[in-house]
Amino acid sequence: MSENTKNPPTYFTDAAGRFTLYQGNCLELMPLLPACSFDLIFADPPYFLSNGGITCHAGKMVSVNKGKWDRSMGFAGNYAFTKDWIARCQRLLKPNGTMFVSGTSHIIHIVGAVMDELGLKILNDITWVKPNPPPNLSCRYFTHAAETILWAGRDKKCRHKFNYQLMKRINGGKQMKSVWTDIETPRRDEKVFGKHPTQKPLALLERIIAAASDEGDLILDPFSGSATTGIAAARMNRQSIGLEMETEFLDIGVHRFVGVPQADNPDRILDLIKVHALGNPTPTELARCLGMTERQAHYYRQAASILGLLRRSESGWALTEIGKTICENRQLYARSLLAQRILELPLVQSAIRKSRRYRTKNTKCRIIAELLSRSTALTGSTCTRRAQTLLAWIDWSLAHCCAEPVLPVFHAHCRDDSLGRQNEKLVKCQRFAI
Ligand SMILES: C[S@@+](CC[C@H](N)C(=O)[O-])C[C@H]1O[C@@H](n2cnc3c(N)ncnc32)[C@H](O)[C@@H]1O
């Protein structure tokens, strides 16, 4: 922190300090954060559309009322508020930092005008097409079926970060367009810890974070809501700070962070086996070293054991030969090795085969859940969560498997595959765009 800033009171932070939430009005909290400190900002501000209108939800006519925070203050009030928070965000961005702001026509034109006025550099206007929009009840307009996301650099000199190759790979080898049609509204299991009326899907934040930040980067969400940005950031090894006024929404965010018993981040599996390489930690020590709850650490240890990296012995858990090889390699190699290990699991291979031709994550997830329910004793939400974990593993592995030519190193520990067959499998997997 710089001299003229002080930490706002923390609502929640994890042991490693990588996921932090502050409670309060973002207009008051942002000046307390140090200038030029964030690589990326995602803001999903009030759209000011809760003004007594109607919409259709689950086949019924309901009023559009998201909460007091979403009531319009009139054009001048909305404009002044938007200018205040965007100016504060601009101060917080690093020179090459960028911000994404989502909105509908109620607010996004004001956001664009303010960005221009403050000298930000508008990079793209992304259209997020919603696959299942509610019908327009008045029948006097086109069905509202999209949101706009403006992407802008801090100022005109900003040399922004864009992970072009990764985006191309995710898009099946073609340049990714600014119209996103493959991201659905949040899945039901994204709301198991409580409902936020305007929750964004994790897939949307993962796309944004993957496109415009690197691992270790610091991300801010000034209107954090249920902390979707923070959850996505944690899954992708970024640090995050979220600002939110309402206790109810902060609590949902905390529960989402600590409560999801999924081992869906293979980087954490690497962290875990590195802890095991130093000794045989107790569950409490392991959880402390990893900055997670014991329950989460338990899930990660199960995952490492499914991947054959850890084995239970009489004296506790010990690394297998493959686990040791992965640990001994520097981070980039270790990742490639783990990615290959994941991609060669028979279950992962079937999951890829079965869901390859489907485009959206939700559909892929459903297909993989069906596969799991047929081939294992898993049912219901456990099945869905495992399917998500597999999907996250596949996603991660495809991004990391070819980082460097590591196959010969790994080959020493592969039971059955010749190098050629291994490569063939990888190439096949590469065609699976998530
Ligand atoms: C559109 S929602 C964000 C939802 C979020 N993207 C998610 O996925 O859950 C906007 C949030 O900003 C909060 N909010 C509104 N005005 C605020 C302010 N001035 N400071 C901090 N939070 C605010 C609201 O309580 C609401 O939760």
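Sequence order sets the numbering: in each chain, residues are counted from 1 along the sequence as written. Reporting in this predicted model follows two pLDDT cut-offs: at least 70 for local features of residues, and 80 or more for side-chain atom pairs to be given and counted; totals over whole chains, interfaces and linings ignore these cut-offs and use all residues.

Caption draft 1: Examining the overall build of the chain more closely. Numbering of helices and strands runs from the N terminus; a helix is a DSSP stretch of H or I covering at least four residues, while a strand is a stretch of E covering at least two. A count of helices and strands for the chain gives 17 helices and 13 strands. Relative to the 2.2 N^0.38 estimate, which gives 22 Å for 434 residues, the radius of gyration of the chain is 23 Å and therefore close to what a compact globule would have. Dimensions along the principal axes, computed over C-alpha positions, put the chain at roughly 70 × 55 × 40 Å. To sort residues by burial, count the other C-beta atoms lying within 10 Å of each one's C-beta; a count of 20 or more means buried, 12 or fewer means exposed, and anything in between means partly exposed. C-beta atoms are built from the backbone. By the burial criterion, 38% of the 434 residues in the chain qualify as buried. Here the contact rule is simple: place C-beta atoms from the backbone, and any two residues whose C-beta atoms are within 7 Å are in contact. Sequence separation of at least 24 residues holds for 66% of the intrachain contacts in the chain that already meet a minimum separation of 6. As a reference, a globule follows 2.2 Å times the number of residues to the power 0.38, and the radius of gyration itself is taken over C-alpha atoms.

Caption draft 2: Molecular detail of the nonpolar core. In this structure, Ile41 and Cys89 are the most contacted members of the largest nonpolar core, which totals 59 residues. Here this core gets eight residues from one element, more than from any other, and that element is helix H5 (residues 202–212). If near-sequence neighbours (up to four positions away) are discounted, Ile41 is found in contact with Cys89, Leu93, Met99 and Leu220. For the purposes of this analysis, a nonpolar core is taken to be any set of buried Ala, Val, Leu, Ile, Met, Phe, Trp, Tyr and Cys residues that are connected through C-beta atoms within 7 Å. Listed in part, the 39 residues of the second largest apolar core include Ala263, Ile269, Leu307 and Ala387.

Caption draft 3: Main features of the domain arrangement of the chain. A domain assignment, automatic or from a database, supplies the domain bounds used here. Its domain assignment divides the chain into domain 1 (10–259) and domain 2 (266–430). Computed over C-alpha atoms, the centres of domain 1 and domain 2 are 30 Å apart. If you look at the interface, domain 1 gives 11 residues, while domain 2 gives 12 residues. A breakdown of the residues in the side of domain 1 that touches domain 2 according to their chemical character gives five nonpolar, one polar and five charged. Classification used: nonpolar for Ala, Val, Leu, Ile, Met, Phe, Trp, Tyr, Cys and Pro, charged for Asp, Glu, Lys and Arg, polar for all others including Gly.

Caption draft 4: Representation of the packing of helix H11 (residues 321–328) against helix H12 (residues 331–343). With axes taken as lines fitted to C-alpha atoms, and helix axes fitted only over the stretch in contact, angles between N-to-C directions fall between 0 and 180 degrees. Interaxial distance between H11 and H12 falls to 8 Å at its minimum, and their mutual angle equals 150°. Here H11 and H12 pass one another in a crossing that is left-handed. Here Ile322, Thr325 and Ile326 of H11 lie close against H12, whose contacting residues are Ala334, Leu337, Leu338 and Arg341. Here a crossing is taken to be left-handed if its near helix is turned anticlockwise relative to the far helix by less than a right angle, and right-handed if that turn runs clockwise.

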